[in-house]
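Okay, here's what each chain looks like letter by letter:
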Amino acid sequence: MARIPDAFIDDLLARTDIVEVVGSRVPLKRQGKEFSARCPFHDERSPSFTVSPVKQFYHCFGCGAHGTAISFVMQYDRLEFLDAVDELAKRVGMEVPKDTQQRTADPQLVELYAVLESATTFYRQQLTASAKARAYFDARGVDESIREKFQLGYAPDGFEALKNALGTNPQRLAMLERAGLFSKNDAGRVYDKFRDRVMFPIHDRRGRPIAFGGRVIDKEDGPKYLNSPETRLFHKGRELYGLWQVRGANSKIERLIVVEGYMDVIALFQHGVTQAVATLGTATTSEHAELLFRNAPDVYFCFDGDRAGRGAAWKAVESVLPRMKDGRQAFFLFLPEGEDPDSIVRNEGRDGFEARLQGATPLSQFLFDSLADGVNLATLEGKGRLAERAKPLLAQIPDGAFADLMRQRLTELTGVGVRAAQPETHVPAQRARTPGRNAPPPKRSLVRSAILYLLHAPALALEVSADPAFAGLRQPGVPLLVELIRLVHARPDIGVAALVEHFVGREEHEPLQKLAVQTLPGGDSTWRAELLDNVANLDKAAAEQRTVELRQKLMESGRLSDDEKVELRDLLAQRPGASST
């Protein structure tokens, strides 16, 4: 597997502001020179997650999560290394070297993406050639710019149109089948899955087609919608239709509007509401909820006002509650019978739809209204029933102001308090383990201290020879220290984040990350003096080690070479007050 060039990673991390990257996903609060938040990787009551703009690092003193902007995006967005690098590169206008992309990718995945891209191109060409399909979009008011933005297409009638166009050999046919583009009958015949349908490509978070939705043009044909089956690339419970387009249309996403159909998303975009996404024929899952809140602090769920719509809304409530961290909001908009976002926005325009959103029901109200349905709150029995229904749901809300307010509201409605978490009566374990907090730092060896100084100010390595005298010293950590020194000499502008990132995939990576996030008193001048003093002492230790080796050899063999005699004499002469042998 090819490695992305070090120079590219250095440049990428130098151009990337980790505070901006983390802050776009997690609410950060400035604390001195750093920023803090509740850790997004584990549940906690008080903030122990810090982001350092100087070191371009994040670290959680609770769960131990730490790393650079690259590792944060990998962990938070669940991306592979190359995908995370690619996403950050796009933010700063860089492009990952193509040869690296090609050599690091899974060949089968590359082929799957390629056939889906080819199918997208084929369907788009067929839309251009089909008056019937174009007329459908014309009648729905979808202009050319929106068709282009969403890469809309048409699957022609017939059982082998796509197969004949793209299935040039058995391997290609097999890949098309793996991509979910074919169906197979009982007799074993393989044929096009999508036929005589307008096509909606479903894109991943990098804008690559991973599946399709197809809609019939004639209402009497069925089923109305047909989606790709789940494949290695596509899992409907994890994807949101239109999210890629929303990201492209909004530099900052303040809200997301969850609708039910592809055409709802497209109609809203057509009328200037560019924050709509749709689930893919499934109820809102916990993964959907996480993905929604990763991209926007406010989420509006737009459903039909009938029984099915309210049932779908309740499913959304169950998925959203465990993710209602402070600062997040969820709302529910129920439309009149027979209406959908497509029809509303076409009849009432953008302003009419926005007005309906303004009147959407907050999650808190919808939850208590739903739980109180059929309950007589005028009686103690009714109040008790509501409290018992609410307690397990409120317990799922992360600790914070919203959770406190929801418990307070339950008390207002019923007079019954929900048992809150017990106050802390001891110092949390993570605080006891936190380096530099309430406890003196442990004593460090010369090598460990030198590494620590370099991790806080890499340029100090330039004060030391790239071939230090202590390089042969047999002490733990010396090879790593020498490697760090030589790495900085080879890449003089390297920063802390890039220095640590160089060791990704090696056992040294995690220990270096932990050292890099430690608080180190003093500044560059102090660290320089300490580093040079440590290096001098390591050089002395290396000289002593070599002296012992030469003396041992002399004792065992009775002779040294001329060069070794000179070396031993010089080493002994360096000892204060020592005489030569």
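Quick caveat: nothing in here was measured; it's all calculated off a predicted structure. Numbering of residues begins from 1 in every chain and follows the order in which that chain's sequence is written. Residues qualify for local features only when their pLDDT is at least 70, as the model is predicted, and side-chain atom pairs are given and counted only at 80 or more; totals for whole chains, interfaces and linings, by contrast, use all residues. Calculated side-chain values reflect all of the structure's heavy atoms, with hydrogen atoms and water omitted.

**Side note on the confidence of the model for the protein**
Phase 1 of the analysis: Across the protein, pLDDT averages 86, with 92% of residues at or above 70.
Phase 2 of the analysis: On a range of 0 to 100, pLDDT expresses the predictor's confidence in each residue. In this analysis, two residues are considered to be in contact whenever any of their non-hydrogen atoms come within 4.5 Å of each other. Every residue in residues 418–442 scores below 50 in pLDDT, and together they form 18 contacts with partners more than four places removed in sequence or on other chains.

**Some thoughts on the packing of helix α16 (residues 363–371) against helix α18 (residues 401–414)**
Phase 1 of the analysis: For the pair α16 and α18, the least separation of the axes is 12 Å and the interaxial angle reads 35 degrees. Between α16 and α18 lies a crossing whose hand is right-handed. Along its contact with α16, which presents L363, S364, L367 and F368, the element α18 presents F402, M406, R409, L410 and L413.
Phase 2 of the analysis: Broken down by class, the residue content of the contact of α16 with α18 amounts to seven nonpolar, one polar and one charged. Angles shown run from 0 to 180 degrees and are taken between the N-to-C directions of axes, each axis being a line fitted to C-alpha atoms and, for helices, limited to the stretch in contact. Secondary structure follows DSSP: runs of H or I at least 4 residues long count as helices, runs of E at least 2 residues long count as strands, and numbering of each begins at the N terminus. Crossings are sorted by hand: turned counterclockwise from the far helix by less than a right angle, the near helix makes the crossing left-handed, and turned clockwise it makes it right-handed. Charged means Asp, Glu, Lys or Arg here, nonpolar means Ala, Val, Leu, Ile, Met, Phe, Trp, Tyr, Cys or Pro, and polar covers whatever is left, Gly included.

**Observations regarding empty space enclosed by the protein**
Summary: where empty space remains is shown by rolling a probe the size of a single water molecule over the atoms.
Phase 1 of the analysis: Grid points spaced at 1 Å and placed over the protein atoms alone form the basis of the search, with a cavity being a set where a 1.4 Å probe fits but cannot get out and a pocket an open set showing protein on both sides within 12 Å along at least five of seven lines. Lining residues have an atom within 4 Å of a point. Grid points are joined across faces, edges and corners, and a volume is the space filled by probe spheres set on the points. Per the counting criterion, the structure on display carries one cavity of 30 Å³ or more.
Phase 2 of the analysis: Its boundaries defined by the atoms lining it, the largest cavity holds a volume of some 40 Å³.
Phase 3 of the analysis: Taken together, H203, D204, R205, E239, L240, L243, W244 and L291 make up the lining of the largest cavity.
Phase 4 of the analysis: Of the residues in the lining of the largest cavity, the class split is four nonpolar, one polar and three charged.

**Remarks on the side chain of D204**
Phase 1 of the analysis: By secondary structure assignment, the location of D204 is in the loop between β9 (197–203) and β10 (209–216).
Phase 2 of the analysis: Reaching out from D204, the side chain makes a polar contact with the backbone nitrogen of R208 at a distance of 2.8 Å. Pairs of N or O atoms are called polar contacts if they sit within 3.5 Å, as long as, within protein, a hydrogen donor faces a hydrogen acceptor (for residues adjacent in sequence, only side-chain-to-side-chain pairs).

**What to know about unusual backbone geometry**
Phase 1 of the analysis: For Q56, which is not a glycine, the phi torsion comes out positive at approximately 55 degrees.
Phase 2 of the analysis: You will see that Q151, though not glycine, has its phi angle at about 55 degrees, which is positive.
Phase 3 of the analysis: For Q151, the position within the fold is in the loop between α8 (144–149) and β6 (153–155).

**Digging into the sheet that holds strand β2 (residues 34–37)**
Phase 1 of the analysis: DSSP calls a pair of strands paired once it identifies at least 2 bridges connecting them. The strand order across the open sheet built from five strands is β1-β2-β3-β4-β5, with neighbouring strands paired in antiparallel fashion. The open sheet has two edge strands, β1 (29–31) and β5 (66–67), and neither has a second partner.
Phase 2 of the analysis: Here β2 pairs with strand β3 (residues 49–52) via three bridges, running antiparallel. In the sheet register, F35 faces β3, and the bridge partner there is V51.
Phase 3 of the analysis: The sheet contacts of helix α3 (residues 69–77) involve β3, β4 (57–60) and β5, and relative to β4 the element is tilted by about 50 degrees.

**Digging into the pattern of salt bridges**
Pairing between side chains of opposite charge can happen when their charged atoms approach one another.
Phase 1 of the analysis: By salt bridge we mean one thing: a side-chain nitrogen of Lys or Arg within 4 Å of a carboxyl oxygen of Asp or Glu. Within the structure shown, the criterion is met by 29 salt bridges.
Phase 2 of the analysis: Residue E160 is joined to K163 by a salt bridge in which the shortest nitrogen-to-oxygen separation is 3.7 Å.
Phase 3 of the analysis: Remark: exposure states derive from per-residue accessible area (1.4 Å probe, protein chains only) relative to the maximum for the residue type, with buried under 20%, exposed over 50%, and partly exposed in between. Relative accessible area serves as the criterion here: at 28%, E160 is assigned to the partly exposed category.
Phase 4 of the analysis: Across the salt bridge formed by K514 and E510, the nearest N and O atoms sit 3.6 Å from each other. Of the two residues, K514 and E510 are both situated in helix α23 (residues 509–516); the distance of four residues between them amounts to about one turn of the helix.
Phase 5 of the analysis: For K514, a relative accessible area of 43% puts it in the partly exposed group.
Phase 6 of the analysis: With relative accessibility at 43%, the residue E510 sits in the partly exposed group.

**A few points about the sheet that holds strand β13 (residues 276–278)**
Phase 1 of the analysis: Taken in spatial order, the five strands of this open sheet run β13-β12-β14-β15-β16, and their pairing is mixed. Because the sheet does not close on itself, it has two edges, and the strands there are β13 and β16 (361–362).

**Describing the nonpolar core**
Phase 1 of the analysis: For the purposes of this section, nonpolar cores are sets of buried Ala, Val, Leu, Ile, Met, Phe, Trp, Tyr and Cys residues that join through side-chain atoms within 4.5 Å. Judged by nonpolar contacts, the single largest core of 99 residues is most densely connected at Y123, L181, Y241, F301, F332 and F353.
Phase 2 of the analysis: With 70 residues, the next largest nonpolar core counts L12, V19, Y76 and V500 among its residues.

**Some remarks on the environment of L371**
Phase 1 of the analysis: As for its placement among the helices and strands, L371 is situated in helix α16.
Phase 2 of the analysis: Judged by relative accessible area, which is 7%, L371 ranks as buried.
Phase 3 of the analysis: As for L371 and A387, which are separated by 16 residues in sequence, their C-alpha atoms are 9.1 Å apart.
Phase 4 of the analysis: Dropping the residues within four chain positions of it, L371 is found in contact with W314, L386, R389, A390 and L393.

**Thoughts on α23**
Phase 1 of the analysis: Listing the buried residues of α23 in full gives H509, L512, Q513, L515 and A516. Down the axis of α23, the buried set is contained in an arc of 165 degrees. They therefore lie on one face.
Phase 2 of the analysis: Its buried side turned inward, α23 meets β4, β5, α3, α20 (446–456), α21 (478–490) and α22 (496–501). Taking the helix axis as origin, the arc is that swept by the directions to the C-beta atoms.

**Some thoughts on the environment of D157**
Phase 1 of the analysis: Relative to the elements of secondary structure, D157 occurs in the loop between β6 and α9 (161–166).
Phase 2 of the analysis: Considering only alpha carbons, one finds D157 and C60, 97 residues apart in sequence, at a separation of 56 Å.
Phase 3 of the analysis: Those residues in contact with D157 that lie beyond four places of it in its chain are R195 and D196.

**Observations concerning helix α4 (residues 81–91)**
Phase 1 of the analysis: Burial within α4 is extensive, with eight of its 11 residues counted as buried.
Phase 2 of the analysis: Within α4, burial applies to L82, D83, A84, V85, D86, E87, L88 and A89.
Phase 3 of the analysis: Downstream of α4 by a residue or two, G93 has a phi angle that is positive, lying close to 75 degrees.

**Looking at the environment of A403**
Phase 1 of the analysis: With respect to the helices and strands, the residue A403 is situated in helix α18.
Phase 2 of the analysis: It is 38 Å that separates the C-alpha atoms of A403 and Q270, two residues lying 133 residues apart in sequence.
Phase 3 of the analysis: With near-sequence residues (within four places) excluded, A403 lies in contact with I397 and P398.

**Thoughts on the side chain of S48**
Phase 1 of the analysis: If you trace the backbone, S48 turns up in the loop between β2 and β3.
Phase 2 of the analysis: Beyond its immediate chain neighbours, meaning those up to four positions away, S48 contacts A37, H42, H59, C60, F61 and G62.

**Observations regarding the pairing of β3**
Phase 1 of the analysis: Burial along β3 is two-sided: the residues F49 and V51 and T50 and S52 are all buried.
Phase 2 of the analysis: In the sheet, β3 pairs with β4 via four bridges, with the strands oriented antiparallel. By the bridge assignment, S52 is partnered in β4 with F57.
Phase 3 of the analysis: The antiparallel hairpin formed by β3 and β4 contains four residues in its connecting segment, where Q56 sits at a positive phi of about 55 degrees.

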